[in-house]
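Architecture at a glance
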Amino acid sequence: MRVRAHHLRCFLFGLLALIGLQIALFDKIFECAGNVDEGVPLRFRNLRQRDTVQLIDQKEAAVEISVDDDFEAASGCILVCDDNHFLIEWIAYHYHVINLRTLIVTSDPNSRTSPQPILDRWKGLIDIEYWNESRFLDPDDITWLERAKKLQMHRLRQRSFNKECLRELKRRDKGWTILTDTDEFVTLNPKLNDTRYESLYTPNLTSIREPGSVMDYLKDIAIPNENISAFTPCIPIHRWQFSSRESTPEEVEKDVPAEFHGSDFLTLRWRRFGAEMKFFQTMRGDTCGIQRRAGPVKTIIDLSRLRLVDLFHDEVEGGPHRPLESVCGLYDAFVTPGYVALVIHHFLGRLDQWTYRVTDNRGAGYRLARFKDMNDYIGLWKSDDLRLWLQGFVESVGEKEASRLLVDVGKLQPLPGQLPSLSFNQTLEEDDTKTPKYEVGDIVLADWRNYGQWDWAHITAVFDGGFYNVMFIHDCSEDLGLGTERLKKAGRAYRTGLTYEELMARGNPAAIVGYTDSAPAWVKTRQVAVEAKAEEDDDVSEEEAEADVAKEKEVDEESSDSKDSDDE
């Protein structure tokens, strides 16, 4: 009997343990499934309420900003460096278009100006915190930074700040969050209002003149939505690079409130974007395409659809283009405007603004060369998509308040010991006895990305002061604004291991070296299609035409695949 009783007790304990395990499993399944928005992967729950993860490093309560119950606000993380002249406009613009009501700011420690006076203007309107690097960097990291190169310092600081800023905003139950620079302005993709783009077309969009035009769109979107590349709560924003080619005074001042000057604003003065592709033929006979664009996408992230633990994933590095790599890795970093809901207007500004940041270790000569290069390429098309925001902002907050918040917009603060502003008419003299000079087409060893990896390249552009653009012969990649210290005539290449003599023996010295109109066949075919698209409608930009051609090509390929399947 005792044996039987013992076995019975063991059986009952085992049964209870099994039942408990099943309950735990069902609880876990229910936890994952019960809070999921329709169509959202289980991994990205829509946690509008505070999650159950223990909060860490909680700061004092944030400033309360009075808003309506149904008002949805955005947050931002931004790193600044001597760009108060842009920051004034950036805050006001995003306060208006995306309901920016929480902002965390940090400065590069090499900055010679402080954003604090600008931030203080917004007390009672935006909850702003200004962090120093001890808020997001470990002491060991700070010690390492003191010995690192400036570029390494900037990247580590930026990544560390992005990670901790997003985590802090998640702890506060914030939702949509932008991470851009002060020269980047988020707006709705104009294709959303174009019936020719069926997958993007969204009727009754809010005008940029009205407050919250971008947020009105964001608060209603479902995730996932492949039409706008929103596969997760981290949504890509395509960037359009604008040049500093001037428009007429009448075009710049159109619809600008009387108390302001359009020429003081990035969003109103600079209207030209879009670059044509140029071609350079190498000594091997390869034809390489050169085009200037803004680079990879930026992102906007809905933190309310993530758990706090998602922000501590091993893959999260805080990069500027995919700050949550484990969440943001599903879209193309160069996704075209035909597959996004939002775009960024990325501006250069005036030349004196561009060269104002004297902490740039590449020097004023490099920045002058880079500025001229961008303006040589960019400016085929015009856009006034942002023009009415200032009028709407003034109407929303009032003339007096708008004037107070925007005082000194676009104006540079005097810096002690700053050199006079550079101009295109100013030549930076070289020492002819020490500094070698190169011409377009010359073959040199160039230091790739300043990493100490020297490879053979052609000089493709020459600027005053001994700065050059180069194109690497082995893969047609470019590097811009190289000083003479990153160029040499003799040595052995890092990737190919070839000396100059060996390179010439393998190459085709008889080939025409330099810029050419003879583009490859695939480029010619595509360019003809793009030009035809643009001619159909004068309002269609080059990028829009390219997107149309790409979309039609995909449709043709799908039809072809379908036909092949039917034939089989």
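The coordinates are above.
First, a word on scope: everything that follows refers to the structure included in this document.

Cut-off values and rules
Residues numbered from 1 in each chain as written. Predicted model: local features only at pLDDT ≥ 70, side-chain atom pairs only at ≥ 80, totals over all residues. Heavy atoms only, no water. Buried < 20%, exposed > 50% of the residue type's maximum accessible area, 1.4 Å probe, protein only. Helix = DSSP H or I, 4+ residues; strand = E, 2+ residues; numbered from the N terminus. Pairing = 2+ DSSP bridges. Salt bridge = Lys/Arg side-chain N within 4 Å of Asp/Glu carboxyl O. Disulfide = S-S within 2.5 Å. Axes fitted to C-alpha atoms, helices over the stretch in contact; angles between N-to-C directions. Contact = heavy atoms within 4.5 Å.

Turning our attention to the pairing of strand β16 (residues 478–483). Among the six residues in β16, six count as buried, and that is most of the element. The pairing of strand β15 (residues 467–472) with β16 spans four bridges and is classified as antiparallel. Pairing of F467 across the sheet is with G483, part of β16. The hairpin turn running from β15 into β16, its antiparallel successor, is five residues long, and C476 in that turn takes a positive phi close to 65 degrees.

Here the structure, examined in full by the defined rule, presents 31 salt bridges. The closest approach of N and O atoms between D352 and R350, which form a salt bridge, is 2.9 Å. Connected through shared salt-bridge partners, D127, E129, R135, E164, E168, R171 and R172 make up one network.

The bond known as a disulfide is covalent and runs between the sulfur atoms of two cysteines. The final tally for this structure, using the stated rule, is three disulfides. Here C234 engages in a disulfide with C328; their sulfurs sit 2.0 Å apart. Across the S-S bond linking C234 and C328, the dihedral sits near 100 degrees, which makes this disulfide right-handed. Remark: C328 occurs in helix α9 (residues 325–328) and C234 occurs in strand β6 (residues 234–241); sequence separation between them is 94 residues. Note on C234: relative accessible area 1%, which makes it buried. Residue class for C328 comes out buried when judged on its relative accessible area of 0%. With a sulfur-sulfur separation of 1.9 Å, C288 is cross-linked through a disulfide to C476.

Here the focus is the sheet that holds strand β10 (residues 298–302). Taking strand neighbours across the sheet as the criterion, the eight strands line up as β3-β2-β1-β4-β10-β6-β11-β5 in an open arrangement whose pairing is mixed. A single partner strand is all that each edge strand has here, and the edge strands are β3 (127–131) and β5 (184–188). Strand-to-strand twist in this sheet, taken as the mean axis angle between neighbours without regard to direction, amounts to 25 degrees. Note that β5 and strand β11 (residues 342–346) share five bridges and pair antiparallel. The partner of T187 across the bridge, within β11, is V343. Sitting on the sheet, helix α2 (residues 84–97) touches β1 (74–80), β2 (100–107), β4 (176–178) and β5, and the angle it makes with β5 is about 20 degrees.

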